[in-house]
Amino acid sequence: MGLRVTTASVADGDKAAFWSGAVSRSLVPLEVHPHTGRPFDGLLESHRLGYVRISTLEADAARLSRTAALIARTPRSEPQVGVGLQVSGRAVLEQGGRRAEVPPGGLVLYDTARPYAVDYPQRFRTHLFHVPRRLLGVPERDLRHASATAVGPTEGCGPVLLPFLGVLAASAHSYPAPVGDRLAGSVADLFSALIAQLAPTRTADEPGARNAHLVHRVREYVDRHLGDPDLSPERIAQAHHISVRYLHRLFEGEGVTVSRLVQQLRLDACARELARRGRTAPTVSAVAQRWGFVNPAHFSRTFRAAYGVSPREWRSLPHGEPG
């Protein structure tokens, strides 16, 4: 399922507020400021592809801002890495003191955990891809360096990434859930490669390069063993021939502990499976056990704390819409 919103039937004076609400629910909380003295109308389409949110925005000239105040109001909101693929019109994105001008056919990367603003000086159409930041396995330093950097169709990863994202945005609604999950993994891998390409060059023997490689290996290991109820920091450290203390040090710059990472990934997997429709949908307890939760009561409490509803209530929600 997907979301389609248009402001064509909304009164002129209410359109900006309506658009702000729709964009905030679909992506992350944002303020929308139409350019003074110009007409304003827009269309938003949004779809889920596994854990990737793909949205298409088409609207009149405006400025979209994610302020520090908006970020502070939603402290539990999961940080996302966003990539904007400009289809028509021009975009100017500012974040962390950096400024990127994105022409039609280009893309730009940004981090929703930090304030940013995008100015569209004329009517525009853009595809926005949001991926949970924790799934990329990239160092904070590299992400900061890559943010607000424009990439053209002939630069770096552009020749591979731009056509792929364009096709994906057009066809996201057509993929069954198992295919969507696999494609989401490909999107995350490509975004990680983009950030690595935009990051400062480091030699392979530098500590930062070694640590980033090891963190990536740990994340891959966790993904492969997510359903194992015995997956623990001790077991992960042993598999990589490092101490538990060093494992925790590796993740100090990732914004999440190892135990929390395992729990988040398990909850995400359960949420995706519970949201699927079908005559033979598995029970809540079966889904929990498949993804490593041994105690059903503990799973229900943890799920409610993360999503605000019980697993059974989550299953009945219309998951094609933002929530």
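Residues numbered from 1 in each chain as written. Predicted model: local features only at pLDDT ≥ 70, side-chain atom pairs only at ≥ 80, totals over all residues. Heavy atoms only, no water.

1. What to know about the packing of helix α4 (residues 158-171) against helix α5 (residues 177-198)
Working step 1: Running from N to C, α4 and α5 point in directions that differ by 150°, and their axes come no closer than 11 Å. It follows that α4 is roughly antiparallel to α5 by the angle criterion. The two elements α4 and α5 meet at a crossing, and its hand is left-handed. Packed against α4, whose contacting residues are Val160, Leu161, Phe164, Leu165 and Leu168, the element α5 presents Leu183, Ser186, Val187, Leu190, Phe191 and Leu194 at the interface.
Working step 2: The residue makeup of the contact of α4 with α5, split by class, is 10 nonpolar, one polar and no charged. (Axes fitted to C-alpha atoms, helices over the stretch in contact; angles between N-to-C directions. Helix = DSSP H or I, 4+ residues; strand = E, 2+ residues; numbered from the N terminus. Parallel < 35°, antiparallel > 145°, perpendicular 65-115°, else oblique. Left-handed = near helix turned anticlockwise from the far one by under 90°. Contact = heavy atoms within 4.5 Å. Nonpolar A, V, L, I, M, F, W, Y, C, P; charged D, E, K, R; others polar.)

2. Considering the pairing of strand β11 (residues 124-132)
Working step 1: Most of β11 is tucked away: eight of the nine residues are buried.
Working step 2: In this sheet, β11 lies alongside strand β4 (residues 52-59) in antiparallel orientation, the contact comprising seven bridges. Bridged to Ala59 within β11 is Phe124.
Working step 3: Bridge count for strand β6 (residues 80-88) against β11 is eight bridges, and the pairing is antiparallel. Along β11, the bridge assignment pairs Gly84 with Leu128. (Buried < 20%, exposed > 50% of the residue type's maximum accessible area, 1.4 Å probe, protein only. Pairing = 2+ DSSP bridges.)

3. Digging into a nonpolar patch on the surface
Working step 1: A cluster of nonpolar residues, Val167, Tyr175 and Val179, forms a patch on the protein surface that exposes about 230 Å² of accessible area.
Working step 2: The class of Val179 is partly exposed, set by a relative accessible area of 36%. (Patch = residues over 30% accessible without salt bridge, like charges linked within 9 Å, V, L, I, M, F, W, Y side chains within 5 Å. Areas by Shrake-Rupley, 256 points an atom, 1.4 Å probe, with all protein chains shown as cover. Salt bridge = Lys/Arg side-chain N within 4 Å of Asp/Glu carboxyl O.)

4. So, the confidence of the model for the protein chain
Low-pLDDT stretches of the model should not have their predicted coordinates read in fine detail.
Working step 1: The share of residues in the protein chain with pLDDT of 70 or more is 86%, and the mean pLDDT across the chain is 84.
Working step 2: Low pLDDT (under 50) marks residues 203-207, which in the prediction has five contacts with non-local residues, meaning those over four places away or in another chain. (pLDDT = per-residue confidence, 0-100.)

5. A look at the side chain of Gln80
Working step 1: Within the secondary structure, Gln80 sits in strand β6.
Working step 2: Residues within four places of Gln80 in sequence aside, it is in contact with Tyr110, Asp111, Thr112, His130, Val131, Pro132 and Arg133.

6. Regarding unusual backbone geometry
Working step 1: One non-glycine residue, Ala148, lies in the positive phi region at around 55°.
Working step 2: With respect to the helices and strands, Ala148 occurs in the loop between α3 (140-146) and β12 (150-151).
Working step 3: Among the residues examined, Ala148 registers a relative accessible area of 4% and is labelled buried.
Working step 4: A positive phi angle, close to 60°, is found at His241, a residue other than glycine.
Working step 5: Take His241: it is sitting in the loop between α7 (233-239) and α8 (244-250).

7. As for the sheet that holds strand β8 (residues 98-102)
Working step 1: Reading across the sheet, the five strands line up as β2-β5-β10-β7-β8 and stay open at both edges, with antiparallel pairing between neighbours. Edge positions in the sheet fall to β2 (31-34) and β8, since each has one partner strand and no second. Across the sheet, the mean angle separating the axes of adjacent strands is 15° when strand polarity is ignored.
Working step 2: Bridging between β2 and strand β5 (residues 62-66) involves four bridges; their strand directions are antiparallel. From the neighbouring strand, Val32 faces β5, where its bridge partner is Leu64.

8. Here's the deal with the pairing of β6
Working step 1: Burial within β6 is extensive, with seven of its nine residues counted as buried.
Working step 2: Pairing of β6 with strand β9 (residues 107-111), which is carried by five bridges, proceeds in the antiparallel orientation. Among the inter-strand pairings, Val83 is bridged to a residue of β9, identified as Leu109.

9. Some remarks on the packing of aromatic side chains
The relation between two aromatic rings is expressed through the spacing of the ring centres and the mutual angle of the planes.
Working step 1: Overall, the coordinates contain seven aromatic pairs when judged by the stated rule.
Working step 2: Residues Phe303 and Trp314 carry aromatic rings whose centres are separated by 5.9 Å and whose planes lie at 75° to one another, so their mutual orientation is edge-to-face. Taken together, the residues Phe303 in helix α11 (residues 296-307) and Trp314 in helix α12 (residues 311-316) connect sequence positions 11 residues apart. Taken as a pair, Phe303 and Trp314 share a single burial class, namely buried. (Phe/Tyr/Trp six-rings, centres within 6.5 Å; stacked < 30°, edge-to-face > 60°.)

10. Focus on the nonpolar core
Working step 1: The biggest cluster of nonpolar side chains holds 31 residues, and the ones touching the most others in it are Leu107, Phe191 and Leu194.
Working step 2: Listed by contribution, the elements that provide at least two residues to this core are β4, β6, β9, β11, α3, α4 and α5.
Working step 3: Beyond its immediate sequence surroundings of up to four residues, Leu194 is in contact with Val83, Leu107, Leu109, Val151, Cys157 and Leu161.
Working step 4: Core analysis: the second largest hydrophobic core is formed by 25 residues, Val28, Val32, Tyr120 and Ala148 among them. (Core = buried A, V, L, I, M, F, W, Y, C linked by side-chain atoms within 4.5 Å.)

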